[in-house]
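Residue strings, one per chain:
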Amino acid sequence: MPPPREHHQPHEEDDDDTAGVVKLISTEGFEFVVDKKAAMVSNTLRNMLTSPGGFSETRQGEVRFPEIPSHILEKICQYFYWSLHYSSGKETAEFQIEPEITLELMMAANYLDT
């Protein structure tokens, strides 16, 4: 007689589209591994990572940005986490942006719908 099968109850997190991590890859090939929940701050990334249809970003859990340099992608990743932390509105803090990267950052943020 075969052994009894364990009945697995999925955790809430298993069904959640935001579980796990995603790899964001810059122009120069630098890889930023961020929580998927943080990446979902970007509507563009949310669509790439959750859309049905077998997109490579969904399958591989990585997104390449041939037009976004590392120093900008790093700042965007920082913003994702800042946004998650302060989204409740219970506490506030200003997100610091260096003046010399403002234009590049705005263009990337616009593309990412962040």
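Remember, predicted model here, so these are calculated numbers, not experimental data.

Details of the pattern of salt bridges
One side chain can pair with another of opposite charge once the charged atoms of both are near each other.
At step 1: For the structure on display, the rule yields 4 salt bridges.
At step 2: Two residues, Lys23 and Glu31, come together in a salt bridge whose shortest N-O distance is 3.5 Å.
At step 3: Under the relative-accessibility criterion, Lys23 is labelled partly exposed at 24%.
At step 4: Residue Glu98 is joined to Lys75 by a salt bridge in which the shortest nitrogen-to-oxygen separation is 3.4 Å. Residue Glu98 is found in the loop between α5 (70–86) and α6 (102–112), and its partner Lys75 is found in helix α5; the two are separated by 23 residues along the sequence.
At step 5: The class of Glu98 is partly exposed, set by a relative accessible area of 33%.
At step 6: Each of Lys23, Glu31, Glu62 and Arg64 takes part in a single network of salt bridges with overlapping partners.

Considering the confidence of the model for the protein
At step 1: For the protein, per-residue confidence averages 84 on the pLDDT scale, and residues scoring 70 or more make up 82% of the total.
At step 2: Here helix α1 (residues 12–15) stands out as the least confident element of the protein, with mean pLDDT 38; strand β2 (residues 31–35) is the most confident, with 97.
At step 3: Low pLDDT (under 50) marks residues 1–15, which in the prediction has 3 contacts with non-local residues, meaning those over four places away or in another chain.

Observations regarding the side chain of Ser26
At step 1: Position of Ser26 relative to the elements: it lies in the loop between β1 (21–25) and β2.
At step 2: Overall, Ser26 belongs to the buried group, its relative accessible area being 5%.
At step 3: Among the polar contacts made by the side chain of Ser26, one reaches the side chain of Ser70 at a distance of 2.7 Å.
At step 4: Among all residues touching Ser26, those that are not within four sequence positions of it are Phe32, Phe65, Ile68, Pro69, Ser70 and Leu73.

Some details on the sheet that holds β1
At step 1: With mixed pairing, 3 strands are arranged side by side in an open sheet as β2-β1-β3. The two strands at the open ends of the sheet, each matched to only one other strand, are β2 and β3 (62–64). The average undirected angle you get between the axes of adjacent strands in this sheet is 20°.
At step 2: Where β1 meets β3, 3 bridges bridge the pair, whose relative direction is parallel. If you follow Ile25 over to β3, its bridge partner there is Arg64.
At step 3: Sitting on the sheet, α5 is in contact with β1 and β2, with an inclination near 10° to β2.

Considerations on the nonpolar core
At step 1: Counting 22 residues, the largest nonpolar core has Leu24, Leu45, Phe65, Ile68 and Ile76 as its most contacted members.
At step 2: Listed by contribution, the elements that provide at least two residues to this core are β1, β2, α2 (36–39), α3 (43–50), α5 and α6.
At step 3: A per-element tally of this core places α5 first, with 5 residues.
At step 4: Among residues more than four places away in sequence, those in contact with Leu24 are Phe30, Glu31, Phe32, Val34, Leu45, Val63, Phe65, Leu73, Cys77 and Phe80.

Thresholds applied
Residues numbered from 1 in each chain as written. Predicted model: local features only at pLDDT ≥ 70, side-chain atom pairs only at ≥ 80, totals over all residues. Heavy atoms only, no water. Salt bridge = Lys/Arg side-chain N within 4 Å of Asp/Glu carboxyl O. Buried < 20%, exposed > 50% of the residue type's maximum accessible area, 1.4 Å probe, protein only. Helix = DSSP H or I, 4+ residues; strand = E, 2+ residues; numbered from the N terminus. pLDDT = per-residue confidence, 0-100. Contact = heavy atoms within 4.5 Å. Polar contact = N/O pair within 3.5 Å; in protein donor to acceptor, adjacent residues only side chain to side chain. Pairing = 2+ DSSP bridges. Axes fitted to C-alpha atoms, helices over the stretch in contact; angles between N-to-C directions. Core = buried A, V, L, I, M, F, W, Y, C linked by side-chain atoms within 4.5 Å.

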